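These are the residues of each chain, in order.
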There are 2 protein chains.
Amino acid sequence: MVEHVRIVEVGPRDGLQNEAATLPVETRVSFIEKLIAAGLTTIEAGSFVSPRRVPQMADTAAVLKAFAGRRGVSLPVLVPNMTGLEAALAAGAREIAIFASASESFSQKNINCSIAESFERFAPVVERAQAEGVAVRGYVSCVLGCPYEGAVPLSRVADVAERLAALGCYEVSLGDTIGVGTPNAARAMLRAVAERVPMKSLAVHFHDTKGQAVANIYACLEEGVRVVDGSAGGLGGCPYAPGASGNVATEDVVYLLDGLGFETGVDRAAIMEAARFALEALGKGGAMRRGP
Amino acid sequence: MVEHVRIVEVGPRDGLQNEAATLPVETRVSFIEKLIAAGLTTIEAGSFVSPRRVPQMADTAAVLKAFAGRRGVSLPVLVPNMTGLEAALAAGAREIAIFASASESFSQKNINCSIAESFERFAPVVERAQAEGVAVRGYVSCVLGCPYEGAVPLSRVADVAERLAALGCYEVSLGDTIGVGTPNAARAMLRAVAERVPMKSLAVHFHDTKGQAVANIYACLEEGVRVVDGSAGGLGGCPYAPGASGNVATEDVVYLLDGLGFETGVDRAAIMEAARFALEALGKGGAMRRGP
């Protein structure tokens, strides 16, 4: 029996928000259209954060509105708080994403509150979203290491993932935010979390900072995960090292899954076409690393 | 017990011969010096092929001579035939590498003879080398696919590897020349070969053309291989797609092995320093994809 793996495309959000240039709404809409045409069914479309802090995600409402009523694709948007949720609801969002960190220092530096406070902030957001019939996806950051603390205990990762699931997230994506993991560490982390949250509700989210993302995904597939985040063209770079790799490239994930015999419904060539479009719009046409 | 993995650095040969620019002898010598300083003990230093066909490898004799009498490091050079061997011996080579293809079409197009003819050509070369006390390493190309034939039968890969070992190669490096493999295919291939050649005499050589190299290496380590080829900085590009990835980057291999708890004796930061030196000399300073 052919097994299905769902790919969650994060290029239009996690990818573009880490690029220096800001793309206009119509370009972001075209990019998402191309990703839909490639067969993706979950595409993170933007975020409702302060446009002063993250100008790349300004006008996410207009992006969402371009897809109003569109069937067959879920377009989650990131929301940091109730204000963001209200804006997302007003724009017609049918799915949101929230985020917590497995590292106390990263939580403080990234969202300016403790892990516990972040859950207090998100509880009413999730409650309100669910009352509106809006699905909620959760992210855990720093699952294999933190830029400030170094190693992060597996039990803390499992705690945070379990709390997100308990809050009502239908899926929890485990993020190696700084791309420091290697395959056996990734396996051990996933196994620890899967003791507390069912594997079918878990996703993995790897960054290719040290070139390990595809290997880590392979190890996690062996452990049983069946949802994988990717960013077309590896969009997102790495804010710490110009030119360095950021999010794992969706086309590399598709190549891996095709080769392992999983069914994804996603066409690698069409993903690369979408990626080329976005990279050219960013003035980075030469950054495409894969050929046919 | 900490297990050792030996990394065979191929940047100064397989890497540089696929770059557009030709580096002068003194730059190639400095590059090799930096690789030795990084802890590598096997570094492919060049090849004795026609400088008209491969200008990047011209004057390999002068490169070798710069290391005459150097202890603690093996500097194999590629030789295609008896003429190449004579030149290598005259330059003081203590180790050579020979190559055969697992694909009949690739053999014809690459070295202009059948697989059987390539063994007829190499038999006296290996005999002569061994009479001079020179070690011989063998390469098999196209072990996971051929650009002309597509799939290559595992039995053919195993045959060619076994013949190289029988000829007298102390080690046989299994090359995914066009970078098309994925981890389970790599596992199956290695397993098929290891039924005919002891695992301790096998190495794996992956290209990152589709972003799968590190994952493939991980799978092969799980199968028991303990020798891995790499090219500092991913030197080598891909002749078919400008800007695309070629050889797996040695720094990514070291990161993987460190993370898995293997001992290599190789320092990742020093490898990146050597890679940066070579990339800058090639006028490709911006091609360095990894940060610290």
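Source: prediction; values computed, not measured. (Residues numbered from 1 in each chain as written. Chains lettered and ligands numbered in written order. Predicted model: local features only at pLDDT ≥ 70, side-chain atom pairs only at ≥ 80, totals over all residues. Heavy atoms only, no water.)

A.B. asks: In this structure, what is going on with the overall build of chain A? I would like to understand it.
C.D. replies: Helix and strand counts for chain A stand at 11 helices and nine strands. In summary, chain A has a C-alpha radius of gyration of 17 Å against a globular reference of 19 Å for 292 residues, a match within 12%. Oriented by its inertia axes, the alpha-carbon framework of chain A measures out at about 40 × 40 × 40 Å. For chain A, buried positions account for 60% of its 292 residues. (Helix = DSSP H or I, 4+ residues; strand = E, 2+ residues; numbered from the N terminus. Rg over C-alpha atoms; globule rule 2.2 N^0.38 Å. Buried < 20%, exposed > 50% of the residue type's maximum accessible area, 1.4 Å probe, protein only.)

A.B. asks: Could you clarify how one ought to interpret unusual backbone geometry in this entry?
C.D. replies: A negative phi angle characterises most non-glycine residues, just as the trans form characterises most peptide bonds. One non-glycine residue with positive phi stands out, namely N112 of chain A, at about 65 degrees. With respect to the element layout, N112 of chain A can be found in the loop between α5 (104–111) and α6 (115–131). Located in the positive-phi region is D59 of chain B, a residue other than glycine, with phi close to 65 degrees. You can see D59 of chain B is positioned in the loop between β3 (46–47) and α3 (60–65).

A.B. asks: What am I meant to see in the interface of chain A and chain B here?
C.D. replies: Much of the literature gives interface size as the accessible area that the parts lose upon coming together. Facing 31 residues of chain A, the contacting portion of chain B comprises 31 residues. Around 2400 Å² of area is buried between chain A and chain B when both sides are counted, 51% of it from carbon and sulfur atoms. On the chain A side of the contact with chain B, K210, Y218 and Y255 of chain A bury the most area, a combined 26% of that side's loss. For the interface between chain A and chain B, the tally reads two salt bridges. The salt bridge involving R187 of chain B is made with E222 of chain A; its shortest N-O contact spans 3.2 Å. The interface formed by chain A and chain B contains 12 residue pairs in polar contact (both at pLDDT 80 or more). Of the residues belonging to the side of chain A that touches chain B, the class tally is 13 nonpolar, 10 polar and eight charged. (Contact = heavy atoms within 4.5 Å. Buried area = accessible area lost by both parts, 1.4 Å probe. Salt bridge = Lys/Arg side-chain N within 4 Å of Asp/Glu carboxyl O. Polar contact = N/O pair within 3.5 Å; in protein donor to acceptor, adjacent residues only side chain to side chain. Nonpolar A, V, L, I, M, F, W, Y, C, P; charged D, E, K, R; others polar.)

A.B. asks: Please explain helix α7 (residues 154–167) of chain A as it appears in this structure.
C.D. replies: Residues separated by three or four positions in an α-helix point in the same direction, a consequence of the helix having 3.6 residues per turn. Residue and element names in this part refer to chain A. The terminal C-alpha atoms of α7, which comprises 14 residues, lie 20 Å apart, in line with the 20 Å expected from a rise of 1.5 Å per residue. Every buried residue belonging to α7 is among V157, A158, V160, A161 and L164, and all of these are buried. What you see down the axis of α7 is that its buried residues fit within an arc of 165 degrees, all on one side. In this fold, the buried residues of α7 make contact with β5 (95–101), α6, β6 (135–141), β7 (171–176) and α8 (183–194). (Expected span 1.5 Å × (residues − 1). Arc of directions from axis to C-beta.)

A.B. asks: Please clarify how the nonpolar core should be interpreted in this entry.
C.D. replies: Side chains of a nonpolar character, in soluble globular proteins, are inclined to be buried together. Among the nonpolar cores identified, the biggest contains 207 residues, and I96, L174 and L221 of chain A together with I96, L174 and L221 of chain B are the most heavily contacted of them. Leaving out residues up to four positions away in the same chain, L174 of chain A has contacts with V140, V143, V157, A161, M189, L190, V193, L202, A203, V204 and H205 of chain A. (Core = buried A, V, L, I, M, F, W, Y, C linked by side-chain atoms within 4.5 Å.)

A.B. asks: Help me understand the relation of the copies chain A and chain B in this model?
C.D. replies: Both copies of the chain are related through a single rotation about an axis accompanied by a shift along the same axis. For the pair chain A and chain B, the superposition axis carries a translation of 0.0 Å, the fit reaches an RMSD of 0.0 Å, and the rotation angle comes to 180 degrees. Overall, the copies show the geometry of a two-fold rotation axis. Within chain A, A215 of chain A has its C-alpha nearest the rotation axis, a separation of 1.9 Å. (Least-squares fit on C-alpha atoms with pLDDT ≥ 70 in both.)

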